[in-house]
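Notes for the structure review
Each chain is listed here by its residues.
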Amino acid sequence: MGELGELFGILIIVFYSLAVLNFCFKFFNRKYRDKLKRNEKFYKVYMNFLKFFAKYHRYFGFATILMILIHFFIQFSNYGLSITGCIAAGVMLLQIVLGIYGQFSKKKMKSWILIHRGIAVLLLVTILIHII
Ligand code: HEM
Ligand code: HEM
């Protein structure tokens, strides 16, 4: 049962990483577009990846919540509460709520994307504290 709990913990991190890849592909496209375009075939494939990660970004985010719920139920029944785990889960929930706000709000603040990016970093820190 402990291993199953660990598996779902890893799956949270996998979906978190898939959500962050949206940023990575867009970042390199913003910074190094000219260099990437030098190889036309490569750039085409690159842009397909970028579109894929942009399209499914929110679903990867939602998937983390599902994995957290399963991880929580397994770990809680085996070991009881984990404070660091609850902090990481709380920050993840905040990120999802912020993501939904950004997705649907027509007049979102300019600072929204900076906060959403910042919380992605904070999440990494809280997850590392939980697993190290
Ligand atoms: C973003 C949220 C979370 C992530 C990414 C996450 C990830 C992980 C991972 C990968 C492990 C395995 C680490 C290892 O074996 O060294 C783990 C262990 C554990 N998690 Fe989480 N977790 C999260 C939230 C939670 C929550 C909300 C709880 C509350 C019960 C929790 C309880 C535990 C416990 C008790 C263990 C340790 C089990 C052991 O000692 O082998 N986690 N977590
Ligand atoms: C694991 C959870 C999540 C993480 C770590 C995360 C992280 C990020 C990051 C780093 C960016 C910046 C992208 C850039 O600057 O190029 C971003 C953008 C965005 N996120 Fe999230 N996000 C998560 C969940 C969500 C969810 C659940 C939604 C919506 C329901 C969402 C909606 C958005 C939107 C609308 C953008 C701006 C447009 C875009 O780049 O696609 N995010 N996210």
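Right, let's walk through the structure included here. (Residues numbered from 1 in each chain as written. Chains lettered and ligands numbered in written order. Predicted model: local features only at pLDDT ≥ 70, side-chain atom pairs only at ≥ 80, totals over all residues. Heavy atoms only, no water.)

**Focus: the site of ligand 2**
Here is the rule we go by: Proximity is defined per residue: any heavy atom of the residue falling within 4 Å of a molecule or strand makes that residue near it. Polar contact criterion, stated in full: a pair of N or O atoms within 3.5 Å, where within protein one must be able to donate a hydrogen and the other to accept it, and residues adjacent in sequence count only if both atoms are side-chain atoms. Only DSSP runs of H or I with at least four residues qualify as helices, and only runs of E with at least two residues qualify as strands; both kinds are numbered from the N terminus onward. Amino acids are sorted into nonpolar (Ala, Val, Leu, Ile, Met, Phe, Trp, Tyr, Cys and Pro), charged (Asp, Glu, Lys and Arg) and polar (every other residue, Gly among them).
By nearness alone, 22 residues border ligand 2, and Asn 22, Lys 26, His 57, His 116 and Arg 117 come closest of all. Lys 26 places a side-chain nitrogen or oxygen 2.8 Å from an oxygen atom of ligand 2. The separation between a nitrogen atom of ligand 2 and a polar side-chain atom of His 57 is 2.8 Å. At the level of elements, helix H1 (2–37), helix H3 (57–79), helix H4 (83–104) and helix H5 (112–131) are the ones that each hand at least two residues to the shell around ligand 2. Per-class residue counts for the shell around ligand 2 are eleven nonpolar, seven polar and four charged.

**Focus: the coordination of the iron atom of ligand 2**
Under ideal tetrahedral coordination, the four donors around a metal are separated by 109.5 degrees; under ideal octahedral coordination, the six donors are separated by 90 or 180 degrees. Threshold: Donors, by definition, are the N, O and S atoms found within 2.8 Å of a metal, the threshold being 3.2 Å for Na, K and Ca, and water is not counted, so a site can look incomplete. Irregular is the label for any site that misses the other tests, which are tetrahedral for four donors with all angles between 85 and 135 degrees, and square planar for four donors or octahedral for six when opposite donors exceed 155 degrees and the remaining angles lie between 65 and 115. Per-residue accessibility, obtained with a 1.4 Å probe over protein chains only, is compared with the maximum for each type, and a residue is labelled buried under 20%, exposed over 50%, and partly exposed between these values.
Looking at the metal site, the iron atom of ligand 2 is ligated by His 57 (NE2) and His 116 (NE2), spaced 2.0 Å from it. Taken together, the six donor atoms coordinating the iron atom of ligand 2 span angles of 86 to 179° at the metal, a pattern that classifies the geometry as octahedral. With His 57 in helix H3 and His 116 in helix H5, this residue pair connects regions lying 59 residues apart in the sequence. For His 57, a relative accessible area of 24% corresponds to the partly exposed category. A relative accessible area of 13% places His 116 in the buried class.

**Considerations on the packing of aromatic side chains**
Put simply, the test is: Put simply, two rings from Phe, Tyr or Trp (the six-membered ring, in Trp's case) pair if the centres are within 6.5 Å, and we call them stacked under 30 degrees between planes, edge-to-face over 60, tilted for the rest.
For the structure shown, the criterion picks out 17 aromatic pairs. Aromatic side chains Phe 72 and Phe 76 sit 5.3 Å apart centroid to centroid with 15° between the ring planes, which places their arrangement in the stacked category. Of this pair, Phe 72 and Phe 76 both sit in helix H3, four residues apart, roughly one helical turn. On the basis of relative accessible area, Phe 76 is assigned to the partly exposed category, the value being 42%. Following the ring pairs from residue to residue traces out a cluster consisting of Phe 15, Phe 25, Phe 42, Tyr 43, Tyr 46, Phe 49, Phe 52, Phe 53, Tyr 56, Tyr 59 and Phe 60.

Geometric values such as these leave the question of function open.
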